[in-house]
Amino acid sequence: SEITEILENIDRRNVDAIIGDLPLDDVSILQTTAAFSFKPRFVNGPPKKVEQEDADLRPQGEASSKDLERRPPIVTIMGHVDHGKTTLLDALRNSQIAAGEFGGITQHIGAFSVELTKGRRVTFLDTPGHAAFASMRARGAKGADIVVLVVAADDGVKEQTAQSIKFAKDANVQLVVAVNKIDKPNADPMRAMRSLLEHDVVVEQLGGDIQCVEVSALQSRNLPALQDALLLQADLMDLKATKKGNVEAVIIESSVIHGIGKVCTLVVSRGTLKKGCVLVAGNSWCRVKTMHDENGKIVLVASPSQPVRVSGWKDELPTPGDLVLEAETVDRAQKAVNLRIEKTMREKADRDWEETKDQRDKARETYLSNRQQLLDRGQRFGSTLRSIVHRNQRMEKDVEDGSPKFRLIVILIRTDVEGTLEAILEILNTYNSEQCKLQLVDFEVGPPTEKDIELAKETGATLYTFNVETTTKIKQRADAAGVQIDSFNVIYRMVEALKGELSARLPKRT
Ligand code: GDP
């Protein structure tokens, strides 16, 4: 009973200390407990990378030059707060509406397209704070081709102007300067231009090669000159893309809209997007259900540089800056998403693995020596097991206010390779709660055996298998013994199932 007492109050960090002080006959119980309490990965080594990389989708290579067609430039407006970015965007958008081009109500979808002279278009990103642009850059994707740097004529370069310049330079994006607010009495455009010099931005007016246009966003003055400058810059950059092949795009904005569901605004970078296309972005996929422009009009096909709001996204919402790739089938898309989710989890496990090296080395030593002692003593596993079962029953009976203090969920795990086992055990470790304990009876690599069924039956465990075949014979055995076998081939689904089990067993709160 003294042992049971210790068992009840056991703190896994103290397990080795306790074992040191006990007579060996009692140790066996503790050893088993210790083995289950310690992260078993100590025994098996770090999680191994499961090579499934080819399940992910890849961007296509360079398009053949004969397929390349001119595409509109993608422009983002940057500059210091209050220098007139929003006003300029509105003026550019309104020039379209004023021209009677569209009758619809403009919505903010994160990007819009303006038709300029000679049927040529420019795509403007209008995401506040340029979150999309920033995260695109962080991911190495080029979100915009041109930055319009807004500098107020009565203020000159300020802190965020300098940041914007650095940003554009780091991202290797071309600058076009708009000196704004020239209508103000104290406006001094030349002074504003000169203030750019110390940031190595030399505008044409001062002998450099960066175009600079003086505008008044508030009065919509000189906007055509700015638009011409953008088209000229685009010509210099010779922006081209193919409309053929699989679609690639970049997420600009994502949100959930009441009545429609998850939507994302994306800008197509290659290919032609249509209803029914299957897309993957981040940890999400989509069969394109509807496409709309910023005027709420339905779009049937979207070509390179065209921004559209797409509905039909499943699972998580993609993040602005995510690369969008087309998949041949829904099945293919789901495979890619599953792989990505697993990769994220594995990367986390890898990081944790690195961070806990010292603890692990010590625990592994303890575990191995305990295990060896157990084997040396010829202790039969069965007797230890009975102790566990006994203890579980006691715990379940241990009531508080008429309801059990906590419930136990007993499981047994079988996986294909050690790496997967490690990853699963790692994750399971984080799902113990005060009211519901997870008890792992055994874990092993390879298909389930008759011994597993016996064990599961004896301990009332559910048998979880991962990526292994269960033979018909074993299935029959399990049926006969009333043992449940749950099979998985995606780690996170297994974790979801377990979490479900755990929360289903939590005592109801009153
Ligand atoms: P943002 O913070 O860069 O987006 O700047 P806003 O577009 O919100 O503009 C800040 C303030 O400057 C607002 O009060 C605008 O009305 C004003 N503003 C913007 N453009 C002009 C302009 O061309 N002339 C004048 N006089 N005021 C402007």
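Note that the structure is a prediction, hence the values are computed from the model and not measured.

Caption draft 1: Spatial organisation of the overall build of the protein chain. When helices and strands are tallied, the protein chain shows 16 helices and 22 strands. Looking at the 510 residues of the protein chain, the share that counts as buried comes to 49%. Across the protein chain, the fraction of contacts at a sequence separation of at least 24, relative to all contacts at a separation of at least 6, is 73%. Put simply, the protein chain shows about 25400 Å² of open surface, and 49% of that area lies on carbon and sulfur atoms.

Caption draft 2: Fine view of the site of the ligand. For the ligand, the set of nearby residues contains 15 residues, the closest of which are D82, K85, T86, T87 and D183. Taking N180, its side chain carries an N or O atom lying 3.0 Å from an oxygen atom of the ligand. K181 is positioned with one of its side-chain polar atoms (N or O) 3.1 Å from an oxygen atom of the ligand. Taking 580 Å² as the accessible area of the ligand by itself, protein coverage stands at 74%. If one sorts the elements of the shell around the ligand by residue count, helix α5 (residues 85–98) sits on top with three residues.

Caption draft 3: Broad picture of a nonpolar patch on the surface. Together, I298, L300 and V301 make up an exposed nonpolar region whose accessible area comes to about 330 Å². On the secondary structure map, L300 appears in the loop between β13 (284–292) and β14 (301–302).

Caption draft 4: Examining the sheet that holds strand β10 (residues 261–270) more closely. In space, the six strands of this closed barrel follow the order β9-β10-β15-β13-β12-β16, with antiparallel pairing throughout. Between one strand and the next, the sheet's axes are offset by a mean angle of 45°, whatever the strand orientation. Looking at chain direction, strand β9 (residues 248–257) and strand β16 (residues 323–327) are connected through three bridges and run antiparallel. Counted as the bridge partner of V250 is L323 from β16.

Caption draft 5: Just helix α10 (residues 330–355), in detail. With 26 residues, α10 should reach 38 Å at 1.5 Å per residue; the first-to-last C-alpha distance of 38 Å fits that figure. When we look at burial in α10, the residues that qualify are A333, A336, V337, N338, L339, R340, I341, E342, R346, A349, D350 and W353.

Caption draft 6: Up close: the nonpolar core. The biggest cluster of nonpolar side chains holds 24 residues, and the ones touching the most others in it are L88, F124, V148 and L230. Breaking this core down by element, the ones donating at least two residues are β2 (74–79), α5, β3 (111–115), β4 (121–125), β5 (146–152), β6 (174–180) and α9 (223–237). When residues in this core are grouped by element, the largest group, five residues, is from α9. Counting 22 residues, the second largest nonpolar core, distinct from the first, contains V173, L196, V201 and C212.

Caption draft 7: The arrangement of the pairing of β10 in detail. Extensive coverage of β10 is indicated by the burial of seven of its 10 residues. Between the antiparallel neighbours β9 and β10 lie three residues, among them G259 with a positive phi of about 90°. Both β10 and strand β15 (residues 307–315) contribute to a ladder of five bridges, which runs antiparallel. Within β15, the position partnered with C264 by the bridge is V310.

Caption draft 8: Local environment of the sheet that holds β3. The strand order β3-β4-β2-β5-β6-β7 describes an open sheet built from six strands, whose pairing is mixed. Among the strands making up the open sheet, the edge pair consists of β3 and β7 (212–214). In this sheet, adjacent strand axes meet at a mean angle of 30° when their direction is disregarded. In the sheet, β2 pairs with β4 via three bridges, with the strands oriented parallel. Directly across from I74, in β4, lies its bridge partner T123.

Caption draft 9: Examining unusual backbone geometry more closely. Positive phi is not limited to glycine here, since D82 has a value of about 75°. Structurally, D82 is set in the loop between β2 and α5. The backbone of D200 sits at a positive phi, close to 60°, despite the residue not being glycine. With respect to the secondary-structure elements, D200 resides in the loop between α8 (189–195) and β7. Take D200: its relative accessible area is 61%, and that puts it in the exposed class.

Caption draft 10: Local environment of the pattern of salt bridges. Inspection of the entire model under this criterion finds 19 salt bridges. Linking D170 and K166 is a salt bridge whose minimum nitrogen-to-oxygen distance equals 2.8 Å. On the criterion of helical spacing, the pair formed by D170 and K166 is a turn pair, its members being four residues apart in helix α7 (residues 159–170). Residue class for D170 comes out partly exposed when judged on its relative accessible area of 42%. Here the salt bridges do not stand alone but share partners, grouping K66, D67 and K244 into one network.

Caption draft 11: Highlighting the packing of helix α14 (residues 450–459) against helix α15 (residues 472–481). At a minimum axis distance of 10 Å, the contact between α14 and α15 shows a crossing angle of 15°. Classed by the angle they form, the pair α14 and α15 counts as roughly parallel. Once α14 is placed against α15, the crossing between them reads as right-handed. Mapping the contact onto sequence places E450, I453 and K457 in α14 and K473, I474, R477, A478 and A481 in α15. Here the contact of α14 with α15 is composed, by residue class, of four nonpolar, no polar and four charged.

Cut-offs applied
- For every chain, the first residue of the written sequence is number 1, and numbering continues from 1 along that sequence.
- Side-chain atom pairs in this predicted model are given and counted only at pLDDT of 80 or more, local residue features only at pLDDT of at least 70, and totals for whole chains, interfaces and linings cover all residues.
- The side-chain numbers reported here are obtained from all heavy atoms of the structure, hydrogens and water having been left aside.
- By definition, any uninterrupted DSSP run of H or I lasting at least four residues is a helix, any uninterrupted run of E lasting at least two residues is a strand, and each is numbered from the N terminus.
- Buried, partly exposed and exposed residues are distinguished by accessible area as a fraction of the type maximum, computed with a 1.4 Å probe on protein chains only: under 20%, between the cut-offs, and over 50%, respectively.
- Here a residue-residue contact requires only that any non-hydrogen atoms of the pair lie within 4.5 Å.
- Per-residue and other accessible areas follow the Shrake-Rupley method at a 1.4 Å probe size, with only the shown protein chains counted as cover for residues.
- Working definition: residue near molecule or strand if any one of its non-hydrogen atoms lies within 4 Å of it.
- In protein, a polar contact requires one atom able to donate a hydrogen and another able to accept it; more generally it is a pair of N or O atoms within 3.5 Å, and residues adjacent in sequence count only if both atoms are side-chain atoms.
- Patch membership is restricted to residues that have no salt bridge and whose relative accessible area is over 30%. Joining uses 9 Å for like charges and 5 Å for the nonpolar side chains Val, Leu, Ile, Met, Phe, Trp and Tyr.
- Salt bridges are identified by distance alone: a Lys or Arg side-chain nitrogen within 4 Å of an Asp or Glu carboxyl oxygen.
- In this description, strands pair whenever DSSP reports at least two bridges between them.
- For every element, the axis is a line fit to its C-alpha atoms; helices are fit only across the contacting stretch, and the angle between N-to-C directions ranges from 0 to 180 degrees.
- One fewer than the residue count of a helix, multiplied by 1.5 Å, yields its expected span.
- Each nonpolar core is a collection of buried residues, namely Ala, Val, Leu, Ile, Met, Phe, Trp, Tyr and Cys, held together in the definition by side-chain atoms within 4.5 Å.
- In these notes the angle categories are as follows: under 35 degrees is roughly parallel, over 145 is roughly antiparallel, 65 to 115 is roughly perpendicular, and the rest is oblique.
- Less than a right angle of anticlockwise turn of the near helix away from the far helix marks a crossing as left-handed, whereas a clockwise turn marks it as right-handed.
- Under the grouping applied here, Gly and all other residues not named as nonpolar or charged are polar, the nonpolar ones being Ala, Val, Leu, Ile, Met, Phe, Trp, Tyr, Cys and Pro and the charged ones Asp, Glu, Lys and Arg.

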